Amino acid sequence: MYVIFLGAPGAGKGTQAAEVAKELKLAHIATGDMFRDAQKKGTALGLKAKEYMEKGKLVPDEITVAMLLERIAAPDCRQGVIFDGFPRTLAQTEALDKSLVKQSKAIDKVIFIKVAEEELLTRLSGRWICRQCQTPYHEVTSPPKIKGKCDRCSGELYQRDDDKPTTIKERLKVFFAQTAPLIDYYTRTGKLVEVNGVGTVEEVQKGILNALKRRSAGRK
Ligand code: ADP
Ligand code: ZN
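Residues numbered from 1 in each chain as written. Chains lettered and ligands numbered in written order. Predicted model: local features only at pLDDT ≥ 70, side-chain atom pairs only at ≥ 80, totals over all residues. Heavy atoms only, no water.

A. Geometry of the confidence of the model for the protein. The pLDDT averaged across the protein works out to 93; a share of 97% of its residues lies at or above 70. Ranking the elements of the protein by mean pLDDT puts strand S6 (residues 136–138) last, at 90, and strand S3 (residues 81–84) first, at 98. (pLDDT = per-residue confidence, 0-100. Helix = DSSP H or I, 4+ residues; strand = E, 2+ residues; numbered from the N terminus.)

Dropping the structure here:
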């Protein structure tokens, strides 16, 4: 099964994708995590990506698509994949479709995790993430039991460079301008299922798992 998790920054894609991938034994591919990894390692790709990420802009399609296509060729992707944060532009969508077609595969479903813009801003502004397991916390709405420490693995919590107010606004703007058109695209192809992204992690996850079981309406 090949599934795309679509949603604005702060919609909860990362949290949900990691858990659902584990539950369904699918590979979890998060392009944002891959770029942050490359930055940590100081590779050329990481340095290039950093220029864009710190401004809240998208990394150019050429770079992103090349990285993604290499990743999906790995053996762990044969059973299926949850794409988290990819595709984010129509060009990326086309590149992914083309590559899957070549392997006689296709995207089965697109889960659109819907959250109102105001709520997104609040979520992103107080976000802290575990360095080790990537679990996100929020200063106000879901603080860790011990300040600065992950409840799950005791890892250190940090704030992402691009979670600064001006960058957050730019990321949301970029989402509505460049990624939101994919909602229409996947609605037209009958693959989109909308899931309510407001609620506890468990509630949202339930909604996603149900959506994955359902056949999407109007499938061609
Ligand atoms: P969020 O969804 O909260 O913005 P991500 O970790 O998915 O977080 O992405 C962080 C940043 O990484 C983006 O703002 C962008 O600069 C870059 N990035 C991630 N995925 C892509 C992609 N598919 N295309 C272009 N840039 C990407
Ligand atoms: Zn952790």
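Additional details are given in the paragraphs that follow.
B. Summary view of the coordination of the zinc ion (ligand 2). For the zinc ion (ligand 2), the protein coordination sphere consists of Cys130 (SG), Cys133 (SG), Cys150 (SG) and Cys153 (SG), at 2.3 to 2.4 Å. Relative to the metal, the 4 donor atoms surrounding the zinc ion (ligand 2) lie at angles of 99 to 117 degrees, and the coordination shape comes out tetrahedral. Counting the intervening residues between successive donors of the zinc ion (ligand 2) yields the motif C-x2-C-x16-C-x2-C. (Donors = N, O, S within 2.8 Å, 3.2 Å for Na, K, Ca; no water. Tetrahedral: all angles 85-135°; square planar, octahedral: opposite > 155°, others 65-115°.)

C. Representation of the layout of surface pockets. Considering only enclosed or pocket space, the second largest pocket measures out at about 410 Å³ in volume. If you trace the second largest pocket, you find 15 residues lining it, with Arg36, Gln39, Lys40, Tyr158 and Arg160 closest to the centre. Those elements that provide at least two residues to the lining of the second largest pocket are helix H2 (31–41) and helix H3 (44–53). It is H2 that contributes the most residues to the lining of the second largest pocket, 5 residues altogether. (1 Å grid on protein atoms, 1.4 Å probe; cavity = no way out; pocket = protein on both sides within 12 Å on 5 of 7 lines; lining within 4 Å. Points joined across faces, edges and corners; volume = space filled by probe spheres on them.)

D. Quick peek at unusual backbone geometry. Cis geometry is found at the peptide bond from Phe86 to Pro87, where omega equals -5 degrees. One can find Pro87 in the loop between S3 and helix H5 (90–102). Within the chain, Ser154 stands out as a residue other than glycine whose phi angle is a positive 65 degrees. Take Ser154: it is sitting in the loop between S6 and strand S7 (157–158).

E. Geometry of empty space enclosed by the protein. Scanning the model with the defined rule gives 1 cavity of 30 Å³ or more in all. Taken as a whole, the largest cavity holds about 60 Å³ of empty space. Along the walls of the largest cavity sit Ile4, Phe5, Leu6, Gly7, Pro9, Lys13, Gly85, Phe86, Pro87, Arg88, Phe175 and Thr179, which together make up its complete lining. Residue assignment for the lining of the largest cavity shows that the elements contributing at least two residues are strand S1 (2–6) and helix H7 (165–179). Considering each element in turn, the lining of the largest cavity owes the most residues, 3 residues, to S1. Partitioned by chemical class, the residues of the lining of the largest cavity number 7 nonpolar, 3 polar and 2 charged. (Nonpolar A, V, L, I, M, F, W, Y, C, P; charged D, E, K, R; others polar.)

F. Quick peek at the sheet that holds strand S8 (residues 192–196). Overall, parallel pairing links the 5 strands, which are arranged S2-S3-S1-S4-S8 in an open sheet. Either end of the sheet is taken by a strand with one partner, and the two such strands are strand S2 (27–30) and S8. In this sheet, neighbouring strand axes are inclined to one another by 20 degrees on average, regardless of whether the strands run parallel or antiparallel. Here S2 runs beside S3; their pairing, made up of 4 bridges, is parallel. Its bridge partner being in S3, Ala30 is matched across the sheet by Asp84. Across the face of the sheet, helix H1 (residues 13–24) comes into contact with S1, S2, S3 and strand S4 (109–114) while running at roughly 175 degrees to S3. Packing against the sheet, H2 makes contact with S2 and S3, and its axis sits at approximately 65 degrees to S2. (Pairing = 2+ DSSP bridges. Axes fitted to C-alpha atoms, helices over the stretch in contact; angles between N-to-C directions. Contact = heavy atoms within 4.5 Å.)

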